[in-house]
Amino acid sequence: MAGRDLFVFVALTVISSMMAPKARGNSEGDALYALRRSLSDPDNILQSWDPNLVNPCTWFHITCNQDNHVTRVDLGNSNLSGHLVPELGKLEHLQYLELYKNKIQGSIPVELGNLKSLISLDLYNNNISGTIPLALGKLKYLVFLRLNDNQLTGPIPSTLASISSLKVVDVSNNFLCGTIPTTGPFEHIPLNNFENNPRLEGPELQGLASYDKNCS
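The rules behind each value
- Residues numbered from 1 in each chain as written.
- Predicted model: local features only at pLDDT ≥ 70, side-chain atom pairs only at ≥ 80, totals over all residues.
- Heavy atoms only, no water.
- Pairing = 2+ DSSP bridges.
- Helix = DSSP H or I, 4+ residues; strand = E, 2+ residues; numbered from the N terminus.
- Phe/Tyr/Trp six-rings, centres within 6.5 Å; stacked < 30°, edge-to-face > 60°.
- Buried < 20%, exposed > 50% of the residue type's maximum accessible area, 1.4 Å probe, protein only.
- Lys NZ or Arg CZ within 6 Å of the ring centre and 35° of its normal.
- Disulfide = S-S within 2.5 Å.

The protein is annotated in an unreviewed UniProt entry as Leucine-rich repeat 1-like of Olea europaea subsp. europaea.

Q: Account for the sheet that holds strand β10 (residues 151-154), naming residues and giving values.
A: Across a sheet, paired strands are connected by hydrogen bonds in the backbone, their directions being either parallel or antiparallel. The 4 strands lie next to each other as β8-β10-β12-β13, forming an open sheet whose pairing is parallel. With one partner strand each, in any of the chains shown, β8 (129-130) and β13 (199-203) form the two edges of the open sheet. Across 2 bridges, β8 lies against β10 in parallel orientation. Considered in β10, the bridge of S129 is made with Q151.

Q: Can you break down the packing of aromatic side chains residue by residue, with the values?
A: All told, the structure shown has 3 aromatic pairs when counted by the stated rule. Where Y100 meets Y124, the ring centres are 5.0 Å apart and the plane angle is 10°; that geometry is what we call stacked. With Y100 in the loop between β5 (96-98) and β6 (103-105) and Y124 in the loop between β7 (120-122) and β8, this residue pair connects regions lying 24 residues apart in the sequence. Here Y100 falls in the partly exposed class, since its relative accessible area comes to 24%. Ring centres of F186 and F194 lie 6.3 Å apart, and the angle between their planes is 35°; on these two criteria the pair is classed as tilted. Across the pair, exposure class does not vary: F186 and F194 are buried alike. In this structure, R72 packs its charged tip against the face of Y96, placed 4.3 Å from the ring centre.

Q: Now, about the state of the cysteines: what can you tell me, with residues and values included?
A: Scanning the model with the defined rule gives 1 disulfide in all. A sulfur-sulfur distance of 2.1 Å marks the disulfide that ties C57 to C64. Residues C57 and C64 are joined through a disulfide that is left-handed, its torsion about the S-S bond being -95°. Among the residues examined, C57 registers a relative accessible area of 22% and is labelled partly exposed.

Pasting the structure below:
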């Protein structure tokens, strides 16, 4: 190959590599890779989460739509430990966040309230502590909220009662306090979905019991 042709070939190769989208240059890829770094993964479930691949849509346990936006994270029952990261709030097209039956600790990032497309938030059967963020009340398309069997404290946010799409709420087997909301979607949530929270009172009586009763 002549010198000039070789120069052109090398130049085109460099330009091509620079133009190819990389997961690390993609905010969704960056967010998911931040999650990977925060988790211990003894079974190598996240081995395919390579930031040098074209985009996170090629990673196992990730589903994307036709526009290559992440819509599902399916990591339930994967023997993962560690904590959630605020970067998850950047997955604005995410519809399903499935992290149930792991050993995840720490708190629920308030940034999850930015997941405006979220339908299902399944964090049950972990070791998650702290409070349920008020910001989850911004998830206007949320249908499933399963936070049972964790170490959560504080009240059930009244903001959740404004989510008309909410059909399933399970916060049983935690350490929540206060009273159980009764308005909006909570009218149809069975009481056993709130059981085994020693400091959680029965359904709130409008005008008769303050919302944060027994929840200091």
